[in-house]
Every structure is written in structure tokens, then in C-alpha cells.
Amino acid sequence: MRLVGMLNPFSLAGSDIASPEQVEATLRELYSSKPHVMATLGIVLASQSAAWSGTGWAGLVATVVSVTCLILRIVLEYLYVRHAAVPVRDQWVLLFVLGSLLSGLGWGICGAVLLYEASATTQTITVGVACAIVQGAAGRAFMMPGTAFINIALVLGLMGSAASLDGNYVFIPACLLYYGFLSSFIVQMVKNRMQQLRAEDMSERLLKELIIKNDLLRVANDKLAETAFEDALTGLPNRRKFDAAFDEALRNAHGRQTSISLMMIDVDHFKLFNDTYGHQAGDRCLQALSKALNDVISASGLLARYGGEEFVAILPDHDQSNAFRVAEHARQAVQLTQIFDVEKSPPSQSVSIGLVSCMVINGVSRESILAAADAALYDAKQQGRNRVCLNQNLGAASANAA
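So, here's what we can say about the structure.

Reading guide: rules and limits
Residues numbered from 1 in each chain as written. Predicted model: local features only at pLDDT ≥ 70, side-chain atom pairs only at ≥ 80, totals over all residues. Heavy atoms only, no water. Core = buried A, V, L, I, M, F, W, Y, C linked by side-chain atoms within 4.5 Å. Buried < 20%, exposed > 50% of the residue type's maximum accessible area, 1.4 Å probe, protein only. Helix = DSSP H or I, 4+ residues; strand = E, 2+ residues; numbered from the N terminus. Polar contact = N/O pair within 3.5 Å; in protein donor to acceptor, adjacent residues only side chain to side chain. Axes fitted to C-alpha atoms, helices over the stretch in contact; angles between N-to-C directions. Parallel < 35°, antiparallel > 145°, perpendicular 65-115°, else oblique. Contact = heavy atoms within 4.5 Å. Nonpolar A, V, L, I, M, F, W, Y, C, P; charged D, E, K, R; others polar.

## Digging into the nonpolar core
Then comes step 1: With 33 residues, the main nonpolar core has Ile43, Leu114, Val134, Ile152 and Ile186 as its most contacted residues.
Then comes step 2: Elements that contribute at least two residues to this core include exactly helix H3 (34-52), helix H4 (56-83), helix H5 (89-115), helix H6 (120-139), helix H7 (145-165) and helix H8 (171-228).
Then comes step 3: The next biggest cluster of nonpolar side chains, apart from the first, holds 26 residues, and it includes Ile265, Leu293, Ile297 and Val326.

Rendered as C-alpha cells:
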């Protein structure tokens, strides 16, 4: 903030970079009447000394003026606190400046009448009170320096004039020196205030940038986590995702004592398909078949790519009959799927499915279920492929044990 800006009595220091909350807090502090209560008490004390020393008129004038100024500031504070929510900041700045200048004029008048033709004791008390008042104004001047410059000039100017009229000419250069000291103090206070506001503004902007970058990082991590559990070719959950989901499904089935079914699915003669139509055509074939399978299975459970041309499906809460029906629908969906975007128009493909349904009891593990489903898949291939084979051994054993 340049010196010219500091001299403007209507300028709030740093209002261009301060937040609305900081500006409101500044105005609330400026409107506080607490410093004026202490100033009034000091002036009343000096007035009492003037009355005891024979200049009762001066004490009466000072008391009336100081109390009037205090009442004015209390009223202004009440109005601001009551109506501060109204978004008219310039109005409150103008009202504060007017009230503050009236206070400065009132303090100057009080100091002048108490100095003029007063006793040494009264003058000493008056000078002490005036120093406290102007130093208090200087200490708060980092918020509105222009108003403080004028107020301090009013107090010291009127008191210096009164002292000069009383023959105490040395008071004028003393006031000028004191004003220069307080002015340099105010300038430094404003510089410190601006540095603080700039630092807070920088901190706020860095914090916002950090929050934004953290959000972006969180989104990237979420996407990365999704990618880590997703098969790149088919978009289905991968083997890693299947392992975690299968373990959770087994725990749930064991806790609720419900059935769980597992399907091992293998594309028939896929090596021959790759050799005939190429690996790119094989990839498109897997994409088409995985979509057909998932359209059927996703409503009942989780379909994942197990590896190569193999898929695996978890069907929680599915007994043998329900699971077999889902498996048959999946097999038929694959058989009806046409692979149109491959050269040479290959025929529809088929899948073989091994199915196991059981209760999760002691002795039934994920390895035994996978082995049973794999054995059923082997049977399906041995029996001519394009069929669903059910491994009833594990299911019957778990049912008998239950």
C-alpha cells in the first residue's frame, strides 16, 4: 500500500486482497467502543483533577464532550453489529470515518481545555491520557491509517495550540516530533499488515490448489484402482478382482448359511479360431462373447475373465437349479452371438460350462470349489462341448453335512 493510499481516510488497508471475512472482522474491530471507554475514563480522571485545582469549567467541558463522544461510538457500534449483514460496506466505512473524526475532534478539545491554564498535575495527567489515546489510535491504524493520521493530528494539534496559548511553546515541536514518530510507526504497521495479508492470500491460494490437486489425485487413484481390477481386453473384472470377490462371497455364504454356485466357462475350439482367423479376430471374438455372457450373468452375480479364453462366474445365493438355469441361458446367448466384424464371417462360437453349487461348510474351501467346477468343465468338453455339466459330488457332500 503506497503512502498516498495510506493518507486516504476512507481506505481499508489491504481490502483489495483481504477476504470478505477479514474485511468484516476489520470493520467489527474498528467499530468496537472498548478503547473509547478507556479514553473517556482517562479524560474524566483529568477532569476531576482540573476541578480540584480550580478549573472546574474545563473539567465540566471535557467530561461532557468525552461522554458525548463515547455515547456516539456506542450507538455506532450497536448499529453496525445489528446491521452488519447488510452488504453495503462503503456505507459502514463512511459512517466509521465520520464517527472517528468526531471522536478525534472531541478528544482534541478535551485535551486542549484541560491543558489551558490548568495546574501542573492536571496537565501531567492530561498529557498522559492524550499519549495513551493517540498511541491506541496508532496501534489500530494498520486497518485504516488515513483516519488515524487525521485523528492524531487533531488531538496533538489542538493540544499544542492550547499549550502555546498558555505560554508553553515547547509543546508544539514536541507534538510535531511525537506525530512524526507515530506516523513512522503507522507506516511500518501498515507494511506489516500488507505482508501478512499477502502471505495469508498466498497460503489460501496454495491451499485451494492443493485441494484441487488432491481431488485430481484421488480421481486418478480411483481410476487406477478400477484399472487394476479390470481386464483390458473385455472390460470385465480380472483374476485379481475375482479372487477378492470370491473370498467375500464365500464368507457371506458361510455366515448366512446359503448356497453359492461357481461357473467355469471355456470358449470351444478357440485355438483353432485364432489359427484360422488371426489373433485380432480372436480378441474381437472374446469381446463379443464376454458381452453376451455378462448380459446374462451380471443380474445374478459376477463374471470375470479367468485367463486366455476362460471365464469364471460367481453366483451368490444360487442353489443348483437356479444356477443351472443361468448357465444354460449364458450358453445359449453365446451360441446366438454373431461375430459380424471379422473377415471371412466366422460361424457362431460356443462355450462349455462347468458348474458347482454347494453350501460353504467345514471342509469346503475355495480350492475345492474351483477344483469341482474345473472338473465339471472337463466333463463338458469330454462330452462334446457346447453344454453345461454339473458337478454334483461337492454339492451332495455339503448338503449331507448340513
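## Here we look at unusual backbone geometry
Then comes step 1: The phi angle at Gln257 is positive, at roughly 55 degrees, despite the residue not being glycine.
Then comes step 2: For Gln257, the position within the fold is in the loop between helix H9 (239-256) and strand E1 (259-267).

## So, the environment of Asn8
Then comes step 1: Position of Asn8 relative to the elements: it lies in the loop between helix H1 (3-7) and helix H2 (20-30).
Then comes step 2: Taking the C-alpha atoms as reference points, Asn8 and Gln196, 188 residues apart in sequence, are found 21 Å from one another.

## Notes on the side chain of Asp268
Then comes step 1: Residue position: Asp268 is located in the loop between E1 and helix H10 (270-277).
Then comes step 2: Judged by its relative accessible area of 2%, Asp268 is buried.
Then comes step 3: Within the local environment of Asp268, its side chain forms a polar contact with the side chain of Lys381, the two groups lying 3.5 Å apart.

## Focus on the packing of H10 against helix H11 (residues 279-297)
Then comes step 1: Two elements in contact, H10 and H11, have axes whose closest approach is 7 Å; the angle formed by their N-to-C orientations is 135 degrees. If you check the angle between H10 and H11, you find them oblique. Side by side, H10 and H11 meet where Phe270, Phe273, Asn274 and Tyr277 of the first sit next to His279, Ala281, Gly282, Cys285 and Leu286 of the second.
Then comes step 2: Its residues assigned to classes, the contact of H10 with H11 shows 6 nonpolar, 3 polar and no charged.

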